[in-house]
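Survey of secondary and tertiary structure
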Amino acid sequence: MHQEILLNIDNPLQLEKLYRNDKLAFKVAFNTLYPQLKGDPLAEGWYQRLNYSPEDLLWGTRDERMLVVGASLLAALLAKLPDLFSLDKEFFYTRNISFIVFPLLIAYFAWKNKISQKTGAWLAGFILIAIGFINSLPQGRPGDTLILACIHLPLLLWFFLGFTFGGGKLSGGINRLDFLRYNGELVVMTALLLLAGMLMTGITIGLFELIGWHIQNFYFNYVVVCGLAAVPIVGTFLTQTNPQLVGKVSPVIAKIFSPLVLVMLVIYLIAIIYSGKDPYNDREFLLIFNALLVGVLAIIFFSVAETSKATKSQLEVWVLFLLSCVTILVNGIALSAILFRISEWGITPNRAAVLGANVLILIHLLFVMAQFFKVLTKKADLAEVGKAIAFYLPVYGLWAMIVTFLFPFLFGFN
């Protein structure tokens, strides 16, 4: 990409084609070359186009604002369905909490990206089928397959959210990387909104206490619950209309936390040896170990998605490479532990789900680590790591679909 830009710096048409073919790689390469292109009018124009960020807060179009307000109110209504219709709250929330927000976010990006009516229809049909399926599972003693379905269903809906984020296309690794970046920015924005909401809650309840009105129950049952349901939608709207709000914060977070997580993980693995904890025989510890694995994997993906927008120092690449290596070690321990438990006590839905997830994660991590190694040996650039991450994401969606819809039948709803 660097060479192509230099060869066509006086060819606006070819530069536009390069940009449209791979926007992220073009931006990274152009920003790297910009210091030696300063003074060229065309290069100056491209630099401003690629790096422009508005100073004022934008609130989208009127239609977009109405859509966000309507979706937020609908999310609040869905969150209060158990109270409105006297439903069993445990039954409703464990099975349907992911349907409060994900379908609305899917609808938002489907509208924003103008996906076809045919694609929108089968997405809506799938969501309706998923709602019917999860709520029709046996209601008695909650079996492992029901719990696994409730855990994996949000992951499956997250995959379809990424599908609509990318314009309703299964191809397009850059869009998938942008989707990961959106997730990181949404986490940051959601945290800020929640902090502001907590401050407002404390002030409001405190002020009413001063005049003798005890509104805690009403406030938490209605304002807080409805607000929590609406936060992801409002956060998505803000990140999409004002990417500059957290666009500079997220890379800093990624840059700071990557080395800290690496150090923590190494110390933790050493501490395990001296603690006497054993993932081979301690089921709870194995579950926590796997949760740690997923968390570190998410940090690696987030770091690559956020920091691939700009050139990275060799030290930063080394940190991410070592972090992926240590994560593979963690994955190897977890995988060997679950294989040991299967050989000793047989296969169960939980063990099958954990085994499958660990194998998929291991393959992905090895692929990503190999790309990092190529970057360090100057055989590839960081964009290739992003493509390696993005290419594999649909595999997780397929696995979530298998666990959600097939495991209950394979294991007799136990």
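Each remark here, short or long, concerns the structure printed above.
What comes next concerns the included structure. None of the values given here were measured: they were computed from a predicted structure. (Residues numbered from 1 in each chain as written. Predicted model: local features only at pLDDT ≥ 70, side-chain atom pairs only at ≥ 80, totals over all residues. Heavy atoms only, no water.)

Secondary structure summary: the chain contains 18 helices and zero strands in total. Here the C-alpha radius of gyration of the chain, 24 Å, is about what a compact globule of 414 residues would show, namely 22 Å. Taking the principal axes of the C-alpha coordinates as reference, the chain spans close to 70 × 60 × 50 Å. By the burial criterion, 45% of the 414 residues in the chain qualify as buried. Sequence separation of 24 or more characterises 76% of the internal contacts of the chain that already satisfy a separation of 6 or more. Taken as a whole, the chain presents about 21,600 Å² of accessible surface, with 69% of it coming from carbon and sulfur. Here the chain holds 30 positive side-chain charges and 25 negative ones, and the gap between their average locations is 4 Å. (Helix = DSSP H or I, 4+ residues; strand = E, 2+ residues; numbered from the N terminus. Rg over C-alpha atoms; globule rule 2.2 N^0.38 Å. Buried < 20%, exposed > 50% of the residue type's maximum accessible area, 1.4 Å probe, protein only. Contact = heavy atoms within 4.5 Å. Areas by Shrake-Rupley, 256 points an atom, 1.4 Å probe, with all protein chains shown as cover. Lys, Arg positive; Asp, Glu negative; His and termini not counted. Charge placed at Lys NZ, Arg CZ, Asp CG, Glu CD.)

Tracing the backbone shows His152 in helix α9 (residues 144–165). According to the relative accessible area criterion, His152 is buried, its value standing at 12%.

Positive phi, close to 55°, is recorded for Ser86, a residue that is not glycine. Position of Ser86 relative to the elements: it lies in the loop between α6 (81–85) and α7 (89–112). Of note in this structure, Lys378 is not a glycine but carries a positive phi near 65°. Mapped onto the elements, Lys378 comes out in the loop between α16 (349–376) and α17 (382–405). Overall, Lys378 belongs to the exposed group, its relative accessible area being 65%.

Right, let's get into the pattern of salt bridges. Under the criterion given, the structure shown has six salt bridges. Across the salt bridge formed by Glu16 and Arg49, the nearest N and O atoms sit 2.8 Å from each other. Of this pair, Glu16 sits in helix α2 (residues 12–21) while Arg49 sits in helix α4 (residues 41–51), and the two are 33 residues apart along the sequence. Here Arg49 falls in the partly exposed class, since its relative accessible area comes to 43%. Salt-bridge contacts for Asp83 lead to Lys89; the nearest nitrogen and oxygen are separated by 3.2 Å. Residue classification places Asp83 among the partly exposed residues on the basis of a relative accessible area of 35%. Its relative accessible area of 43% is what places Lys89 among the partly exposed residues. Several salt bridges converge on common partners, so that one network encompasses Lys80, Asp83 and Lys89. (Salt bridge = Lys/Arg side-chain N within 4 Å of Asp/Glu carboxyl O.)

Where nonpolar side chains cluster on the molecular surface, the patch consists of Leu199, Ile203, Leu207, Leu210, Ile211 and Trp213 and spans about 710 Å² of accessible area. A relative accessible area of 47% places Ile203 in the partly exposed class. (Patch = residues over 30% accessible without salt bridge, like charges linked within 9 Å, V, L, I, M, F, W, Y side chains within 5 Å.)

Here we take up α9. Between its first and last C-alpha, α9 extends 32 Å over 22 residues, near the 32 Å set by a 1.5 Å rise per residue. Its maximal kink placed at His152, α9 deviates by approximately 30°, while the proline Pro154 follows within four residues. Of all 22 residues making up α9, 16 are buried, and the element is well covered by its neighbours. Trailing α9 by a residue or two, Gly167 shows a phi angle of about 90°, which is positive. (Expected span 1.5 Å × (residues − 1). Bend = angle between axes of the 7 residues up to and from the residue.)

Moving on to the packing of helix α5 (residues 62–79) against α7. Two elements in contact, α5 and α7, have axes separated by 10 Å at closest approach and are oriented at 170°. With respect to α7, the axis of α5 lies roughly antiparallel. Taken together, the residues of α7 that come into contact with α5 (itself represented by Asp63, Glu64, Leu67, Val68, Ala71, Leu74, Ala75, Leu78 and Ala79) are Phe92, Tyr93, Phe99, Ile100, Leu104, Tyr108, Trp111 and Lys112. Its residues assigned to classes, the contact of α5 with α7 comprises 14 nonpolar, no polar and three charged. (Axes fitted to C-alpha atoms, helices over the stretch in contact; angles between N-to-C directions. Parallel < 35°, antiparallel > 145°, perpendicular 65-115°, else oblique. Nonpolar A, V, L, I, M, F, W, Y, C, P; charged D, E, K, R; others polar.)

The description of two aromatic rings rests on the distance between their centres and on the angle between their planes. Under the counting rule described, the total for this entry stands at 32 aromatic pairs. Between Phe133 and Phe405 the ring centres are 4.9 Å apart and the planes differ by 50°, which places this aromatic pair in the tilted class. One end of the pair, Phe133, is in helix α8 (residues 117–136); the other, Phe405, is in helix α17, with 272 residues separating them in the sequence. An identical accessibility class is assigned to Phe133 and Phe405; each is buried. With a centroid separation of 5.7 Å and an interplanar angle of 40°, the aromatic rings of Phe285 and Phe289 are classed as tilted. Separated by four residues within a single helix, Phe285 and Phe289 lie in helix α14 (residues 283–307), roughly one turn from each other. (Phe/Tyr/Trp six-rings, centres within 6.5 Å; stacked < 30°, edge-to-face > 60°.)

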